[in-house]
Amino acid sequence: MKDLFHNISTSTLGHLTDIGYLSNIQSQVPNQKMVGHIVTVKIYPPDASILREALITAQAGEVLAIECAVNDHYACWGELRNLAAQIKKLAGVIIAGNITDIKALRSQPFPVFAQGVSALTTRATSEPQNGEMNIPITLSGITINPGDIAIGDDDGLFVFSEDYAHSIHQAAQDKEQQDKAVKEALLSKFLSQINEIEPI
């Protein structure tokens with residue numbers, strides 16, 4: 001099912017539904033499309049050590065979705081974890097919190113969705129490792145389950161259950177085709193008007 005959304009924009013989905021829209025999480029790396037099934041992680045900053053296990057466990061094509069519990073001011077994602085995710089061939093990462101190393105991240109062709117940027121980062125602590133994987137988490141006030149489908153681009157981010165993704169796909173595909181036809185008609189009219197203008 002996830003492969004059917006690669007050519008559907010989030011703005012098209014936004015014409016059809018507000019279900020699953022993560023309103024305060026935006027793309028931090030321009031011109032990147034993300035579609036994939038979600039692996040969920042919940043961290044408790046400043047400890048984010050469970051992300052190492054998550055990166056080892058996640059499979060190619062999956063999206064890592066991270067809830068920063070307690071304090072979301074900490075950046076739990078930077079250049080090194082971004083490189084590790086690309087080595088694993090993940091489809092992208094979603095963070096209900098902040099990222100760091102933004103210049104490096106924007107130089108890499110990998111989808112990163114987050115609330116913002118921070119120089120305050122998670123770090124190793126003397127406490128036992130906290131964190132959970134493959135449990136329901138909350139992003140932008142929405143419950144996200146392992147296996148849900150994430151669809152993101154420059155305009156925003158949606159997360160759907162497999163069943164809901166299936167139910168909305170045809171309408172989204174039809175909307176894409178309708179918009180394409182309207183765009184072509186408008187461009188044709190626009191270009192014909194330009195050609196009618198006499199040179200000075």
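See the structure printed just above.
Our subject in this report is the structure included herewith.

The rules we used
Residues numbered from 1 in each chain as written. Predicted model: local features only at pLDDT ≥ 70, side-chain atom pairs only at ≥ 80, totals over all residues. Heavy atoms only, no water. Helix = DSSP H or I, 4+ residues; strand = E, 2+ residues; numbered from the N terminus. Buried < 20%, exposed > 50% of the residue type's maximum accessible area, 1.4 Å probe, protein only. Polar contact = N/O pair within 3.5 Å; in protein donor to acceptor, adjacent residues only side chain to side chain. Pairing = 2+ DSSP bridges. Contact = heavy atoms within 4.5 Å.

**A few points about the side chain of Asn98**
Turning to step 1, where the next piece is worked out: The residue Asn98 is located in strand S5 (residues 92-99) in this model.
Turning to step 2, where the next piece is worked out: When its relative accessible area of 12% is taken as the criterion, Asn98 is described as buried.
Turning to step 3, where the next piece is worked out: Here the side chain of Asn98 touches His73 through a polar contact of 3.2 Å, landing on its backbone oxygen.

**So, the pairing of strand S11 (residues 156-160)**
Turning to step 1, where the next piece is worked out: Judged by how many residues are buried, S11 sits mostly within the fold: five of five residues are covered.
Turning to step 2, where the next piece is worked out: Where burial is concerned, the two faces of S11 agree: the one with Gly156, Phe158 and Phe160 and the one with Leu157 and Val159 are both buried.
Turning to step 3, where the next piece is worked out: Two elements, strand S10 (residues 149-153) and S11, share five bridges in a ladder whose sense is antiparallel. Directly across from Ala150, in S11, lies its bridge partner Val159.
Turning to step 4, where the next piece is worked out: Between the end of S10 and the start of S11, which pair antiparallel, lie two residues.

**Re the environment of Gln59**
Turning to step 1, where the next piece is worked out: Mapping Gln59 onto the fold places it in the loop between helix H2 (50-57) and strand S3 (63-68).
Turning to step 2, where the next piece is worked out: The residues touching Gln59, leaving out its near neighbours within four places in the chain, are Lys88 and Leu90.
Turning to step 3, where the next piece is worked out: Within the structure, the side chain of Gln59 is placed 2.9 Å from the backbone oxygen of Thr57, a separation counted as a polar contact.

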